[in-house]
Amino acid sequence: MTNTPAQDSGSCSVDLSMSEISESTASQTTEEVFTTVVESVEEPEAPSGFSEFGFSDALLKTLADKGYKEPSPIQKAAIPELMLGRDLVGQAQTGTGKTAAFALPLLERLQGDSPLPSVLVLAPTRELAMQVAEAFKAYSAGHPHLNVLAIYGGSDFRSQINALRRGVDVVVGTPGRVMDHMRQGTLNTSGLRSLVLDEADEMLRMGFIDDVEWILEQLPEERQVVLFSATMPNEIRRLSKRYLREPAEITIKTKEKEARRIRHRCITMQNSHKIEALNRVLEAVTGEGVIIFARTKAITLTVAESLEAAGHDVAVLNGDVPQNQRERTVERLRKGTVNILVATDVAARGLDVDRIGLVINYDMPFDSEAYVHRIGRTGRAGRSGEAILFITPRERRFVGNLERAVGQAIEPMDIPSNAEINQSRLDRLRTRLSAEATSEDKPEEETALLQELIQRVAQELEVEPGPVSYTHLRAHE
């Protein structure tokens, strides 16, 4: 009898005749032999979803080392088009993986054999320019010959010139600083193959659109232009029609379950009550990291001083903060040495900190696009988040515009009551006590003392704590 081999290419076939089985396993049943054979066959490793794009082994290894397994929707849609060299217009919210969507294919297509820059990325802020440059450097780990440079205001101009003279493959910069280098002849764009406009709507809002058009007009006739934007105002559509050639158009709509990761709420109050309301929200709504958006530099300082007086550890980010201090502040927020950041819109553009659990809009944003970018600072990397908006009675009529922008209701919320604040304090205390009591790093004497303290409190409140199960401790009602 002839056995037909399995046609499933994903399975492993084991070709053993019955005579071989009987000779080698006289004392074993067929079932036992089959089990032994199957257990000896190693399961093949599932291929990465990024292997479909035709990336080099070096880039695939870099992605695997970083734990990248499956491309996001924007990456699945954009990478094949960019690998073909097409112009592209992409609309996707922040935190959807759009940086990798353009960085990976552009890196893969780099030749690395020219002293002139091949890729130029324009970003609206210094912070975003630094982030994108770091992403390019991380993805190019398997291509050590590629050089990436971030250029932006507030950093040393001469060091940027020296780096450009040594040879750079990818330049990431803010429009103003890029224009300065182009006008002085220190940034030669004659060899440019690709230009990326990242967060184009933000460049429009910040008044950079004329600068962007000037840069576009200086570029070589043959080049690839990529435009990414969270929203698509008419001015951005006009820009894409004028400077992009038959672009691929991609719109990634946030799935409902992903949108629901961020809970939107608003509190209506008079301006004079905002500081008190803010303190109560911070006491009642626990978040791993908090960003508070204010409209002006002066308001950021006033809010920060009030919160510090109330005992909070606060950092400020506005246009007056020097660049080196900005970088230290963002790193402190990322590491958790500071939990509350008070910032203006301009200073906080492009902040990418996964641990932000709460965004508070202390002032109503100027428009729905600004709101989208603000709340994009939370709910990142698959985490849940909260966004709370402070509004005055006169501003209530604008909430509908924000709801349409995010495709989600903004729930009314009351200023937290004393009972809610006390419950939140008890919850935090219980969590800390439980963690401390069960910590293995503490000396036995300290652990025993803490356990005895918890038991005494439980007895006084007539609560049964259970056998060393301190998470069962509840406030006496």
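Residues numbered from 1 in each chain as written. Predicted model: local features only at pLDDT ≥ 70, side-chain atom pairs only at ≥ 80, totals over all residues. Heavy atoms only, no water.

Asker: I keep staring at the overall build of the chain and nothing clicks. Help me out?
Answerer: Tallying secondary structure elements over the chain gives 19 helices and 14 strands in all. When burial is assessed residue by residue, the chain has 46% of its 477 residues classed as buried. The long-range fraction of contacts in the chain, counting pairs at least 24 apart against all pairs at least 6 apart in sequence, stands at 73%. (Helix = DSSP H or I, 4+ residues; strand = E, 2+ residues; numbered from the N terminus. Buried < 20%, exposed > 50% of the residue type's maximum accessible area, 1.4 Å probe, protein only. Contact = heavy atoms within 4.5 Å.)

Asker: Honestly, the packing of aromatic side chains in this entry has me stumped. Any pointers?
Answerer: Considering all chains together, one arrives at 7 aromatic pairs under this definition. Each ring, one from Phe102 and one from Phe228, has its centre 5.8 Å from the other, and the planes form 40 degrees; the classification is tilted. With Phe102 in helix α5 (residues 98-108) and Phe228 in strand β6 (residues 224-229), this residue pair connects regions lying 126 residues apart in the sequence. Each member of the pair, Phe102 as well as Phe228, is classed as buried. An aromatic cluster is defined as three or more aromatic residues linked by ring pairs; in this entry it consists of Phe50, Phe53, Phe55, Tyr68 and Tyr139. Positioned above the aromatic ring of Trp214, the side-chain terminus of Arg183 is 4.8 Å from the ring centre. (Phe/Tyr/Trp six-rings, centres within 6.5 Å; stacked < 30°, edge-to-face > 60°. Lys NZ or Arg CZ within 6 Å of the ring centre and 35° of its normal.)

Asker: Explain helix α10 (residues 209-217) to me, please; I cannot follow it from the model alone.
Answerer: When α10 is considered as a whole, its buried residues turn out to be Ile209, Val212, Glu213, Ile215 and Leu216. Down the axis of α10, the smallest arc covering the buried residues is 160 degrees, so these residues share one side. Those residues of α10 hidden inside the fold are in contact with β2 (119-122), α8 (175-184), β5 (194-197), α9 (200-205), β6 and α11 (234-243). (Arc of directions from axis to C-beta.)

Asker: Help me out: how do you make sense of helix α13 (residues 274-284) in this one?
Answerer: Because each turn of an α-helix spans 3.6 residues, side chains separated by three or four positions in sequence point in the same direction. By the burial criterion, the buried members of α13 are Lys274, Ala277, Leu278, Asn279, Val281 and Leu282. Looking at the buried positions of α13, the neighbouring elements they touch are β8 (262-268), β9 (290-293), α14 (297-309), β11 (340-343), β12 (358-361) and β13 (385-391).

Asker: Is there a simple way to think about the sheet that holds β13 in this case?
Answerer: Strand pairing in a sheet relies on backbone hydrogen bonds. The paired strands run either parallel or antiparallel. Read across the open sheet, the 7 strands follow the order β10-β11-β9-β12-β13-β8-β14; overall the sheet is parallel. Looking at the sheet topology across the chains shown, the edges are occupied by β10 (314-317) and β14 (411-412). Pairing between β8 and β13: 7 bridges, direction parallel. Paired with Thr268 across the bridge in β13 is Ile391. Of the strands in this sheet, β8, β9, β11, β12 and β13 touch α13, which is tilted by about 165 degrees from β13. (Pairing = 2+ DSSP bridges. Axes fitted to C-alpha atoms, helices over the stretch in contact; angles between N-to-C directions.)

Asker: Can you walk me through the sheet that holds strand β4 (residues 170-173) in this structure?
Answerer: Read across the open sheet, the 7 strands follow the order β3-β4-β2-β5-β6-β1-β7; overall the sheet is parallel. Only two strands of the sheet have a single partner each, and these edge strands are β3 (148-151) and β7 (248-251). The average undirected angle you get between the axes of adjacent strands in this sheet is 10 degrees. Sheet topology places β3 next to β4; 4 bridges connect them, and they run parallel. If you follow Leu149 over to β4, its bridge partner there is Val171. Along the sheet, α11 makes contact with β1 (88-91), β5 and β6, crossing β6 at roughly 170 degrees.

Asker: Is there a simple way to explain the pairing of β9 in this structure?
Answerer: The two faces of a sheet get side chains in turn, since along a regular strand they alternate between them. Across the two faces of β9 the burial is the same, with Val290 and Ile292 and Ile291 and Phe293 all buried. Pairing analysis gives 4 bridges linking β9 to β12, with the strands arranged parallel. Along β12, the bridge assignment pairs Ile291 with Val359.

Asker: I keep staring at the packing of helix α6 (residues 126-139) against helix α15 (residues 323-335) and nothing clicks. Help me out?
Answerer: For any two helices packed against each other, one specifies the inter-axial angle together with the distance between the axes. Orientation of α6 relative to α15, taken along the N-to-C sense of each, is 65 degrees, at an axis distance of 11 Å. Once α6 is placed against α15, the crossing between them reads as right-handed. Of the residues in α15, those in contact with Arg126, Glu127 and Met130 of α6 are Gln323, Arg326 and Glu327. Partitioned by chemical class, the residues of the contact of α6 with α15 number 1 nonpolar, 1 polar and 4 charged. (Left-handed = near helix turned anticlockwise from the far one by under 90°. Nonpolar A, V, L, I, M, F, W, Y, C, P; charged D, E, K, R; others polar.)

Asker: So what exactly am I meant to see when it comes to the pattern of salt bridges here?
Answerer: A side chain with one charge can pair with a side chain of the opposite charge if their charged atoms come near. In the structure shown here, the tally under the stated rule is 21 salt bridges. Across the salt bridge formed by Glu222 and Arg245, the nearest N and O atoms sit 3.9 Å from each other. A residue pair is termed long-range when its members are at least 10 positions apart, and Glu222 in the loop between α10 and β6 and Arg245 in the loop between α11 and β7 qualify at 23 residues. Classification of Arg245 as partly exposed rests on a relative accessible area of 38%. (Salt bridge = Lys/Arg side-chain N within 4 Å of Asp/Glu carboxyl O.)

Asker: Explain the side chain of Arg326 here, please?
Answerer: Position of Arg326 among the secondary structure elements: in helix α15. Owing to a relative accessible area of 4%, Arg326 belongs among the buried residues under this scheme.

Asker: Help me understand the packing of α13 against α14 in this model?
Answerer: For the pair α13 and α14, the least separation of the axes is 11 Å and the interaxial angle reads 55 degrees. By the criterion of interaxial angle, the relationship of α13 to α14 is oblique. Regarding α13 and α14, the two cross each other, and that crossing is right-handed. Across the interface between the two elements, Ile275, Leu278, Asn279 and Leu282 of α13 pack against Val303, Ser306 and Leu307 of α14. Across the contact of α13 with α14, the residue classes tally to 5 nonpolar, 2 polar and no charged. (Parallel < 35°, antiparallel > 145°, perpendicular 65-115°, else oblique.)

Asker: Could you clarify how one ought to interpret the confidence of the model for the chain in this entry?
Answerer: If pLDDT is low for a region, its predicted coordinates should not be looked at in detail. Per-residue confidence for the chain gives a mean pLDDT of 80, with 77% of residues at or over 70. Scored below 50 in pLDDT, residues 1-46 makes 13 contacts in the model with residues more than four places away or belonging to other chains. pLDDT under 50 marks residues 465-477. Its contacts with residues more than four places away, or in other chains, come to 19 contacts. (pLDDT = per-residue confidence, 0-100.)

Asker: Help me out: how do you make sense of the side chain of Gln160 in this one?
Answerer: For Gln160, the location among the structural elements is in helix α7 (residues 157-166). Among the polar contacts listed, one links the side chain of Gln160 to the backbone oxygen of Tyr152, at a separation of 3.3 Å. In this structure Gln160 touches Leu149, Ala150, Ile151, Tyr152, Ser155, Arg177 and His181, once residues within four positions along its chain are discounted. (Polar contact = N/O pair within 3.5 Å; in protein donor to acceptor, adjacent residues only side chain to side chain.)

Asker: Hey, could you run me through unusual backbone geometry in this one?
Answerer: What is expected of a backbone is that most residues other than glycine have negative phi and most peptide bonds are trans. In this structure, Glu199 is a non-glycine residue whose phi angle is positive, near 55 degrees. A positive phi angle is found at Glu246, which is not glycine, with a value near 45 degrees. Mapped onto the secondary structure, Glu246 falls in the loop between α11 and β7. Among the residues examined, Glu246 registers a relative accessible area of 70% and is labelled exposed.

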